Amino acid sequence: QVQLVESGGGLVQPGGSLRLSCAASGSIFSIYYMGWYRQAPGKQRELVAGIISGGSTTYADSVRGRFTISRANAKNTVYLQMNSLKPEDTAVYYCNIDVFFAPSDGPHPYWGQGTQVTVSS
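The following paragraphs examine the structure supplied in this document. (Residues numbered from 1 in each chain as written. Predicted model: local features only at pLDDT ≥ 70, side-chain atom pairs only at ≥ 80, totals over all residues. Heavy atoms only, no water.)

1. Re the environment of Val-12
Then, in step 1: Here Val-12 lies in strand β2 (residues 10–12).
Then, in step 2: Sequence spacing of Val-12 and Ser-121 is 109 residues, and the spatial spacing of their C-alpha atoms is 7.7 Å.
Then, in step 3: With residues near it in sequence (within four places) discarded, Val-12 still touches Ser-17, Leu-18, Leu-85, Thr-118, Val-119 and Ser-120. (Helix = DSSP H or I, 4+ residues; strand = E, 2+ residues; numbered from the N terminus. Contact = heavy atoms within 4.5 Å.)

2. Describing the nonpolar core
Then, in step 1: By size, the foremost hydrophobic cluster in this structure holds 31 residues, and its most contacted members are Trp-36, Leu-80, Met-82 and Tyr-93.
Then, in step 2: Secondary-structure elements contributing two or more residues to this core are β1 (2–7), β3 (18–26), β4 (30–39), β5 (46–52), β7 (67–72), β8 (77–82), β9 (91–100) and β11 (115–119).
Then, in step 3: The greatest single-element share of this core, amounting to 5 residues, is contributed by β9. (Core = buried A, V, L, I, M, F, W, Y, C linked by side-chain atoms within 4.5 Å. Buried < 20%, exposed > 50% of the residue type's maximum accessible area, 1.4 Å probe, protein only.)

3. Topic: the packing of aromatic side chains
Then, in step 1: Tallied over the full model, the rule gives 2 aromatic pairs.
Then, in step 2: Their ring planes at 85° and their centres at 6.4 Å tell us that Phe-101 and Tyr-110 sit as a pair that is edge-to-face.
Then, in step 3: Its guanidinium or amino end placed over the ring of Tyr-79, Arg-19 lies 4.1 Å from that ring's centre, counting from NZ or CZ. (Phe/Tyr/Trp six-rings, centres within 6.5 Å; stacked < 30°, edge-to-face > 60°. Lys NZ or Arg CZ within 6 Å of the ring centre and 35° of its normal.)

What is shown is where atoms sit, not what they do.
Pasting the structure below:
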């Protein structure tokens, strides 16, 4: 079993910054993919940013240049630094990771519980 604990959400004014964290614990051999998704009211969940174990990253066009995803492999933790926040960034943010429990194992996806980010003056 894997537990994911998200933190760092909250209320921030437009133009402000927040840093989200997602820490995984359990009998983890390795984590290949770590990503952040978000879901605004009435909208589908969408990819915000992703990072693989080699360090390659991907970003949604709407956040590129403002958000930065990073990971600390020794801590099984992924971060999302969000700068220049806009009201349209308001959503529940979820982390998603693909876990391997053994070298020959296949990836197992896990989701965090979600953390609310609200950008408003």
